[in-house]
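# Overview (structure and organization)
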Amino acid sequence: MADWKLPRDGGCRCGQVRIRVDAPPLLTMACHCDGCRRMSSSAFSLSAAIPSEGFHVTQGELVIGGLHGATRHYFCGRCLTWMFTRPEGMDMFVNLRPTMLDDAEGFAAPFIETYTSTKLPWASTAAIHSFETFPPFEAYEGLVRDFATRTALSSGGNHQPGSQT
Ligand SMILES: [Zn+2]
Ligand SMILES: [Zn+2]
């Protein structure tokens, strides 16, 4: 079994908001879409899908940012760090920005990458599965299973991108 070193704590840039994760991620992702690039001020965003019951805000005040739509993007109310997202209609998990964790090891390496159709030409990730947009909804179950299998085989909760043959 992988040792996920749970629980793991994390926080925003200023430290006002603190979070705790006590469940392993279901899937880790990088997204090259235009919205993620803008909100993360970077070439792509990183996400770790955490089961909702394993994710806790332990301190601080959050505000809604991003598009203020049905998908809720949560930011620290003081330093305005984008911390996590609750996607529309998917209450069973939270998409945590894994770099919020004090120790992001194993949570940050993307297993899949999405929206490669709009990625910057030089941007590449260690993802094992790449999708031009989002994977079809029915593909997620298999991806979650594949992620669980690969992470169970490796130590420390780290899958080994590129080591599959
Ligand atoms: Zn903050
Ligand atoms: Zn995106």
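This write-up is about the structure you can find in this document. For clarity, every value in this text was computed on a predicted model and none was experimentally measured.

### Examining the nonpolar core
Ranked by internal contacts, the top residues of the largest apolar core, which has 32 residues, are Ile50, Met83 and Leu96. Contributing elements (two or more residues each) for this core: β2 (18–21), β3 (27–31), β4 (45–51), β7 (72–76), β8 (82–86) and β9 (93–96). Here Ile50 is in contact with Val21, Ala23, Pro25, Phe55, Phe93, Val94 and Leu96, once residues within four sequence places are set aside.

### Here we look at the sheet that holds strand β11 (residues 129–130)
Sheet strands pair via backbone hydrogen bonds, and the direction of the pair is either parallel or antiparallel. Taken in spatial order, the 8 strands of this open sheet run β6-β7-β8-β9-β4-β3-β10-β11, and their pairing is mixed. The open sheet has two free edges, formed respectively by β6 (62–65) and β11, since each of these has just one partner strand. As paired elements, β7 and β8 share 4 bridges and run antiparallel to each other. Residue pairing across strands places Arg72 opposite Arg86, the latter belonging to β8.

### Focus: unusual backbone geometry
Note the cis peptide between Leu6 and Pro7, where omega equals -5°. You will see that Ser41, though not glycine, has its phi angle at about 50°, which is positive. Relative to the elements of secondary structure, Ser41 occurs in the loop between α1 (34–40) and β4. Take Ser41: there are 8 C-beta atoms within 10 Å of it, and that puts it in the exposed class. Even without being glycine, Leu80 reaches a positive phi, approximately 60°. Relative to the elements of secondary structure, Leu80 occurs in the loop between β7 and β8.

### Quick look at the environment of His32
Tracing the backbone through its elements, the reader meets His32 in the loop between β3 and α1. Non-local contacts of His32, meaning those with residues more than four positions away in its chain, are made with Arg37, Phe44, Glu113, Thr114, Tyr115, Thr116, Thr118, Lys119 and Ala123.

### Considerations on the sheet that holds strand β5 (residues 55–59)
Pairing is antiparallel in the open sheet, where 3 strands are placed in the order β1-β2-β5. The open sheet terminates on both sides in strands that have one partner only, identified here as β1 (8–11) and β5. Strand-to-strand twist in this sheet, taken as the mean axis angle between neighbours without regard to direction, amounts to 30°. Sheet analysis places β1 next to β2, joined by 4 bridges and oriented antiparallel. Counted as the bridge partner of Gly10 is Ile19 from β2.

Reading the values: the criteria
- Counting restarts for each chain: residues are numbered from 1 in the order of the written sequence.
- Both sets of labels track the order of writing: A upward for chains, 1 upward for ligands.
- Selection of residues for local features in this predicted model requires a pLDDT of at least 70, selection of side-chain atom pairs for listing and counting requires 80 or more, and totals for whole chains, interfaces and linings are taken over all residues.
- Among buried residues, those of type Ala, Val, Leu, Ile, Met, Phe, Trp, Tyr and Cys that are joined through C-beta atoms within 7 Å form a set called a nonpolar core.
- Whether a residue is buried, exposed or partly exposed follows from its count of other C-beta atoms within 10 Å of its own C-beta, namely 20 or more, 12 or fewer, or something in between, respectively; the C-beta atoms are built from the backbone.
- Only DSSP runs of H or I with at least four residues qualify as helices, and only runs of E with at least two residues qualify as strands; both kinds are numbered from the N terminus onward.
- For the purpose of contact definition, each residue receives a C-beta atom placed from its backbone, and two residues are in contact when these atoms lie within 7 Å.
- Two strands make a pair as long as DSSP finds a minimum of two bridges between them.
- Every angle, taken between N-to-C directions, lies between 0 and 180 degrees, and every axis is a line fitted to C-alpha atoms, over only the stretch in contact when it is a helix.

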